[in-house]
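Chain and residue survey
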Amino acid sequence: MRNICVIGGSRYFGRNLVALERDAGHAVTVINRGSAEPLPGTTRLVADRDDERQLREALGDRTFDVVIDQICYTPRQAALARRVFAGRTGRYVMTSTMEVYDPATFAVPPVTNADAGVALTEDHLDLAAPSPARGGGAPDPATAYAEGKRRAEAVLLTDPDFDTVSVRTAHVLGGGAADFTGRLAHYVERIAADRPLDVHPDPRPTSFVHHEEIARFLHWAAAGTFTGPVNAASDGALDVTGLAELIAAGGGPRPRYRTVRDGVASPFSFDRSYAMDNGRAARLGFAFSRVTDWLPGAAAEARAQTV
């Protein structure tokens, strides 16, 4: 039995992760602000992870074999976590995002071979040189999110105080009502209503992962000995039309598309490529599913919520 700490973990795949750790026989402590009831068989500590004094008081003298941080979004949060958990854990797993690769969120887009159809490996991102936001003033939310994650990774992975992993998660889908993002539901509802999907003139592929699979991956990463960044995505990238065709495979109208050049496109329609290569994780021993195997079922779950 190991002592596992999960920061966040109160909803969606974070809750799946907590259940996996508990069911594996580990002692699981969840840290959140008390907004959701803990799963039976786990311990909850109520604290704001942004309040260092409150977090230290809640932790007391507890130590852990592994900390899994589901809600680290900024370098400040990462630095605080380094200070608080130094000496309390031997391994730290940060849930990051594929958005760290998004060229649209760099002041100077990095030169990659993604547009040539080659998926991005972990070494395509140089954490030693995080990019400032585009233009002047406050960055847009997507840029702020991506840059916050890049800089948080840099804080945790540079001369770390403990073995550290950053899991660069693909777009997570599935779970029906548990999927609070509404992105898959957007497609299910518009296709069912025979309404067009707004897409870019030349939509580029992106990466996806099932909500249960990313929970299993984080559970697996927590038990590993490897360190550094690792991409987590199901096999097979899809552009927005491939996504829509799989969603429609369950029956009903075929997808219709409306090209947008200056307006807002549907979720997962991208005019730039940054799909991920999952080869490092595969070489380390994790076997991913194919997105084409699980996406129709995930769409059916979402469809059931609209009936």
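Not measured: the values here are computed from a predicted model.

Quick notes on the overall build of the protein chain
Scanning the protein chain from N- to C-terminus turns up nine helices and 11 strands. Taken over the C-alpha trace, the protein chain has a radius of gyration of 20 Å; the compact-globule value for 307 residues is 19 Å, and the two agree within 12%. With the C-alpha coordinates of the protein chain rotated into their principal frame, the extents come out at 60 × 45 × 40 Å. Expressed as a percentage of the 307 residues in the protein chain, the buried residues total 50%. Considering only contacts in the protein chain between residues 6 or more positions apart, those separated by 24 or more positions represent 79%. Carbon and sulfur atoms provide 50% of the accessible area of the protein chain, an area that totals close to 13,400 Å².

A short note on the side chain of N278
When you line up the elements, N278 lands in the loop between β11 (257-259) and α8 (279-284). Aside from chain neighbours lying at most four places away, what touches N278 is N231, A233, S234, D235 and F288.

Some details on the nonpolar core
One broad rule of soluble globular proteins: the nonpolar side chains tend to lie buried together. Core analysis: the biggest nonpolar cluster contains 64 residues, and V167, I214 and F217 have the highest contact counts within it. When neighbours within four sequence positions are excluded, F217 is seen to be in contact with V167, V230, N231, A232, A281, F286 and F288. Membership of the second largest hydrophobic core comes to 21 residues, among which are L55, A58, F64 and L156.

Focus: helix α5 (residues 183-192)
Taken as a whole, α5 has its buried residues at L184, Y187, V188, R190 and I191. D194 occupies a position one or two residues after α5 and carries a positive phi of about 60°.

Description of unusual backbone geometry
Look at D159: it is not a glycine, yet its phi comes out positive at around 45°. Turning to its location among the elements, D159 is positioned in the loop between α4 (141-157) and β6 (163-169). Here the phi dihedral of F268 falls at roughly 75°; this positive angle occurs in a residue that is not glycine. Judged by relative accessible area, which is 4%, F268 ranks as buried.

Notes on the environment of N16
In this structure, N16 sits in helix α1 (residues 12-23). By relative accessible area, N16 is classed as partly exposed at 24%. Separated by 199 residues in the primary sequence, N16 and A215 place their C-alpha atoms 5.9 Å from one another. Excluding its chain neighbours within four sequence positions, the residues that come into contact with N16 are H211, E212 and A215.

Regarding the layout of surface pockets
As a volume, the largest pocket reaches approximately 1,200 Å³. Every residue lining the largest pocket is counted, 47 residues in all, and those nearest its centre are R11, Q70, Y73, Y145 and F180. Mapped onto the lining of the largest pocket, the elements with two or more residues apiece are α1, β2 (27-32), β5 (91-97), α4 and β7 (171-173). Take the lining of the largest pocket: its biggest share by element is six residues, from α4. Of the residues contributing to the lining of the largest pocket, the split by class is 20 nonpolar, 16 polar and 11 charged.

Describing the packing of aromatic side chains
For the structure shown, the criterion picks out 14 aromatic pairs. Considering the side-chain rings of Y92 and F162, the 5.1 Å spacing of their centres and the 15° angle between planes classify their relative orientation as stacked. Placement of Y92 in strand β5 and of F162 in the loop between α4 and β6 is noted, with a sequence separation of 70 residues between them. For F162, a relative accessible area of 4% translates into the label buried. An aromatic cluster of at least three residues, connected via ring pairs, comprises F217, W220, F226, F286 and F288. The lysine or arginine in question, R11, covers the ring of F180, its NZ or CZ lying 3.7 Å from the ring centre. Above the ring of F226, the side-chain terminus of R91 is found at 5.3 Å from the ring centroid.

Parameters and conventions
- Residues numbered from 1 in each chain as written.
- Predicted model: local features only at pLDDT ≥ 70, side-chain atom pairs only at ≥ 80, totals over all residues.
- Heavy atoms only, no water.
- Helix = DSSP H or I, 4+ residues; strand = E, 2+ residues; numbered from the N terminus.
- Rg over C-alpha atoms; globule rule 2.2 N^0.38 Å.
- Buried < 20%, exposed > 50% of the residue type's maximum accessible area, 1.4 Å probe, protein only.
- Contact = heavy atoms within 4.5 Å.
- Areas by Shrake-Rupley, 256 points an atom, 1.4 Å probe, with all protein chains shown as cover.
- Core = buried A, V, L, I, M, F, W, Y, C linked by side-chain atoms within 4.5 Å.
- 1 Å grid on protein atoms, 1.4 Å probe; cavity = no way out; pocket = protein on both sides within 12 Å on 5 of 7 lines; lining within 4 Å.
- Points joined across faces, edges and corners; volume = space filled by probe spheres on them.
- Nonpolar A, V, L, I, M, F, W, Y, C, P; charged D, E, K, R; others polar.
- Phe/Tyr/Trp six-rings, centres within 6.5 Å; stacked < 30°, edge-to-face > 60°.
- Lys NZ or Arg CZ within 6 Å of the ring centre and 35° of its normal.

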